Amino acid sequence: MSVLDQLATALATGGVRVVDLTHTLDPDFPVIVLPPEFGQCARFRMEEVSAYDHRGPAWKWHNISMSEHTGTHFDAPVHWVSGRDVPNGHVDEIDPAAFVGPVCVIDCSEGAARDEDFELTPAVIETWEAAHGRIPEGTWVLMRTDWSKRRGADYLNMREDGAHSPGPTPEGIRLLVEGRGIRGFGTETVGTDAGQGAHYTPPYPAHYILHGAGRYGLQCLSNLDQLPPTGAILIAPPLKIRHGTGSPLRVLALVPGEGA
Ligand code: MN
């Protein structure tokens, strides 16, 4: 049997399960809020065009609008100034092979429950590697925090001094990008950077270092508690928007099932 025949059998018999890592696109889902002097990210909007009525007797459909960075979404290298000149850095130019690949999940949920500004540092990464092995080149790395279980204002967690949510330190993301050669980095929070990420050097280090190196970001992920630390495959193709900097998408993971 070919590898794909084996996969088809495993999908049919439960040996491989499909896990949805995506939040539902909904006008109430929070988007990132920048300081007021900057342009802002639009929430998801939907308007009915027809619903089996005089506007279209046999069909129902909607017009939708949103930012490229609304809901569960993908960041392309050109999203950040450090990646503005990366070859094939827009969503429509990225090799589609980049959208399917292995994933490691670093469980930071205990730390994030203790400290809403929890940092993914080299020490956290190396502790994870001591248990699960060295992060292989070309993998996605997802930071599990269980932040996706927060609702309402607790999700952005805004204070007078800005948002408070976990994320990587410059040294942490540099180890993943330059030391391990990861494909991309994903989070459960509204961005790949910590809520207080503006205060690092460089500011917003995940965006700066990932995209400057031509790597990708995923954020607003969900259900990371259903993934194994290693051994899953991530499927994360953004919409093919000409010169797009990112896009909402459905993120799926293939994980070992009962029969595996
Ligand atoms: Mn984004």
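Being a predicted model, the structure only gives us computed values, none of them experimental.

Caption draft 1: Geometry of the coordination of the manganese ion. Of the protein atoms, only His 69 (ND1), His 73 (NE2) and Asp 75 (OD) coordinate the manganese ion, at distances of 2.1 to 2.3 Å. Look at where the donors of the manganese ion fall in the sequence and you get H-x3-H-x1-D. On the accessibility criterion, His 73 (3% relative accessible area) is buried.

Caption draft 2: A look at the nonpolar core. Counting residues in each nonpolar core, the largest one holds 24 residues, and the members touching the most others are Leu 21, Phe 74, Leu 142, Leu 218, Leu 227, Leu 234 and Val 251. Among the secondary structure elements, those contributing two or more residues to this core are β5 (100-107), β7 (140-144), β12 (216-219), β13 (232-235) and β15 (252-256). Dropping the residues within four chain positions of it, Leu 21 is found in contact with Thr 72, Leu 142, Cys 220, Leu 221, Ser 222, Asn 223, Leu 224, Leu 227, Leu 234, Val 251 and Ala 253. If you look at the next biggest cluster of nonpolar residues, it comprises 20 residues, including Ile 135, Leu 176, Phe 185 and Leu 210.

Caption draft 3: Up close: the side chain of Arg 180. By the secondary structure assignment, Arg 180 is in the loop between α5 (170-179) and β11 (184-187). For Arg 180, the side chain forms a polar contact with the side chain of Glu 129, separated by 2.7 Å.

Caption draft 4: Just helix α3 (residues 122-132), in detail. Here α3 has its buried residues at Ile 125, Trp 128 and Glu 129. Relative to the axis of α3, the buried residues are bounded by an arc of 100 degrees and lie together on one face. What points out from α3, more than 90 degrees from its buried face, is the exposed set Ala 123, Thr 127, Ala 130 and Ala 131. Looking at the buried side of α3, the elements it contacts are β5, β6 (119-120) and α5. Positive backbone phi, approximately 95 degrees, marks Gly 133, located one or two places after α3.

Calculation notes
Residues numbered from 1 in each chain as written. Predicted model: local features only at pLDDT ≥ 70, side-chain atom pairs only at ≥ 80, totals over all residues. Heavy atoms only, no water. Donors = N, O, S within 2.8 Å, 3.2 Å for Na, K, Ca; no water. Buried < 20%, exposed > 50% of the residue type's maximum accessible area, 1.4 Å probe, protein only. Core = buried A, V, L, I, M, F, W, Y, C linked by side-chain atoms within 4.5 Å. Helix = DSSP H or I, 4+ residues; strand = E, 2+ residues; numbered from the N terminus. Contact = heavy atoms within 4.5 Å. Polar contact = N/O pair within 3.5 Å; in protein donor to acceptor, adjacent residues only side chain to side chain. Arc of directions from axis to C-beta.

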